[in-house]
Amino acid sequence: MATSKVILVTGGTGLVGKAIEKIVQSERRADEKWVFLSSKDGDLCDYNSTKKIFEKHRPSHVIHLAAMVGGLFHNMSHNLDFLRNNLHMNDNVLQISFETGVEKVVSCLSTCIFPDKTQYPIDETMVHNGPPHPSNFGYSYAKRLIDIQNKAYHEQHGCMFTSVVPCNVFGPFDNYNLESSHVVPGLIRKLHDLMEKGGETFTVLGTGKPLRQFIYSLDLARLFLWVLREYNEVEPIILSVDEKSEVSIKELAEEIANAYDFKGKIVFDTSMADGQYKKTASNAKLRKYLPDFEFTAFPAAISESVQWYKENYKNARN
Ligand code: NAP
Ligand code: GDP
């Protein structure tokens, strides 16, 4: 069968992009050609370099993952950069997708962009219902505007531009830089370094009480492929594990300690911020479409992620 779809993945070298690449390789389809971009292919904050990329690959479909992404502490100190970089990237990718006749764009929001003061569980209808948590307002407003743009491109030009809303993601190829990382890669890196030094005290930032839903990047990748191929609403869809799978940061630290067979002490540095207490999201909409989707069990997914880091830490993003 001849190739009929050219799928361009922006941010193809990141945590989510690498997971999608792995799933695509394991279930190749003859009518799909995939292109995974890194920032070395061009700066998506720049209109002209973005246009060149689209003219080179002539995509029929786009999965837009590229973003300035970071954990709580990086967001707190760089709200302006998160706002501007993401606004520019998103506007260039969506506008050039429109100009070059891309059939479908799937962009990425996040459950951390929802209103800070809200009812739980949060669902897809609540994205714009109040200010986000102050720790990450730059990232949040830039991401919220993707949903506004998707609706405007649809209304004015009939475009099928949609978005997904993942909860916290983790897995191989994450960012392990302690200044900018999310909690899972941050704690994996910290415990890895501690075990190498023979240390006894594993320090977790904050109180350990906040609650999070964590999705394994390979599960998210499978769901992304389903959205690209089957989901045809402009409205966003939350891609999250079930509400009952929410865990505390303390439970997460214990799971990582188990995976390393760490026998020392876990302590909490309560002088550091907790960020949002919780952002419990409902995956009822996803479950309506895919009632039988099975998420990888959390301990197995953490164990695989730790194993990956043990085997790859020398070349990982540290
Ligand atoms: P990531 O690992 O940090 O990867 C970011 C990707 O974006 C990399 O491929 C990077 O390229 C690319 N990129 C960054 N700035 C760029 C620029 N100016 N021009 C071109 N490319 C650029 O991020 P991720 O965790 O995979 O996140 C993917 C998407 O999921 C993002 O939209 C994020 O907002 C969303 N999301 C993530 C999480 C999470 O917990 N990680 C949760 C919810 C939603 P290089 O590798 O070349 O630098
Ligand atoms: P968030 O889910 O958007 O808040 O982002 P993070 O993944 O950065 O943080 C989640 C929670 O983990 C917050 O409550 C942090 O206080 C806590 N945490 C504990 N240790 C760490 C760490 O080493 N790095 C990060 N980023 N967060 C940590």
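Only a predicted model underlies this, so the values are computations on that prediction, with no experimental measurement involved. (Residues numbered from 1 in each chain as written. Chains lettered and ligands numbered in written order. Predicted model: local features only at pLDDT ≥ 70, side-chain atom pairs only at ≥ 80, totals over all residues. Heavy atoms only, no water.)

Visitor: Please clarify how the domain arrangement of the chain should be interpreted in this entry.
Guide: Considered domain by domain, the chain is made up of domain 1 (5–170 + 214–243) and domain 2 (183–211 + 245–281 + 297–312). Taken over C-alpha atoms, the centre of domain 1 sits 27 Å from the centre of domain 2. Across the contact, 19 residues belong to domain 1 and 22 residues belong to domain 2. Summed over the three residues of domain 1 that lose the most area to domain 2, namely Y120, F170 and F214, the buried surface amounts to 33% of that side. Put simply, domain 1 and domain 2 have 0 salt bridges between them. Taken together, domain 1 and domain 2 are joined by 7 residue pairs in polar contact (both at pLDDT 80 or more). Elements that contribute at least two residues to the side of domain 1 that touches domain 2 include exactly α3 (72–77), β6 (168–170) and β9 (214–216). The element that contributes the greatest number of residues to the side of domain 1 that touches domain 2 is α3, accounting for 3 residues. Of the residues in the side of domain 1 that touches domain 2, the class split is 13 nonpolar, 3 polar and 3 charged. (Domains from an automatic or database assignment. Contact = heavy atoms within 4.5 Å. Buried area = accessible area lost by both parts, 1.4 Å probe. Salt bridge = Lys/Arg side-chain N within 4 Å of Asp/Glu carboxyl O. Polar contact = N/O pair within 3.5 Å; in protein donor to acceptor, adjacent residues only side chain to side chain. Helix = DSSP H or I, 4+ residues; strand = E, 2+ residues; numbered from the N terminus. Nonpolar A, V, L, I, M, F, W, Y, C, P; charged D, E, K, R; others polar.)

Visitor: Mind showing me how you'd approach the pairing of strand β1 (residues 5–10) here?
Guide: Consecutive side chains of a regular strand alternate in pointing toward one face of the sheet and then the other. The buried fraction of β1 is high, at 6 of 6 residues. Residues K5, I7 and V9 point to one face of β1 and V6, L8 and T10 to the other, with burial holding for every one of them. By the bridge criterion, 5 bridges tie β1 to strand β2 (residues 32–36) in an arrangement that is parallel. Along β2, the bridge assignment pairs V6 with K33. With respect to chirality, the unit in which β1 leads through helix α1 (residues 15–26) into the neighbouring parallel β2 is right-handed. (Buried < 20%, exposed > 50% of the residue type's maximum accessible area, 1.4 Å probe, protein only. Pairing = 2+ DSSP bridges. Right-handed = clockwise from strand over helix to strand, strands pointing away.)

Visitor: Got a minute to help me understand unusual backbone geometry in this structure?
Guide: Peptide bonds are mostly trans, and most non-glycine residues show a negative phi. Here the amide bond leading from Y120 into P121 is cis, since omega sits at 0°, within 30 degrees of zero. Of note, P121 is situated in the loop between β4 (104–108) and α5 (137–157). Unusually for a residue other than glycine, R58 sits at a positive phi of about 45°. Mapping R58 onto the fold places it in the loop between α2 (47–57) and β3 (61–64). The class of R58 is exposed, set by a relative accessible area of 64%. Positive phi outside glycine occurs at D261, with the angle close to 55°.

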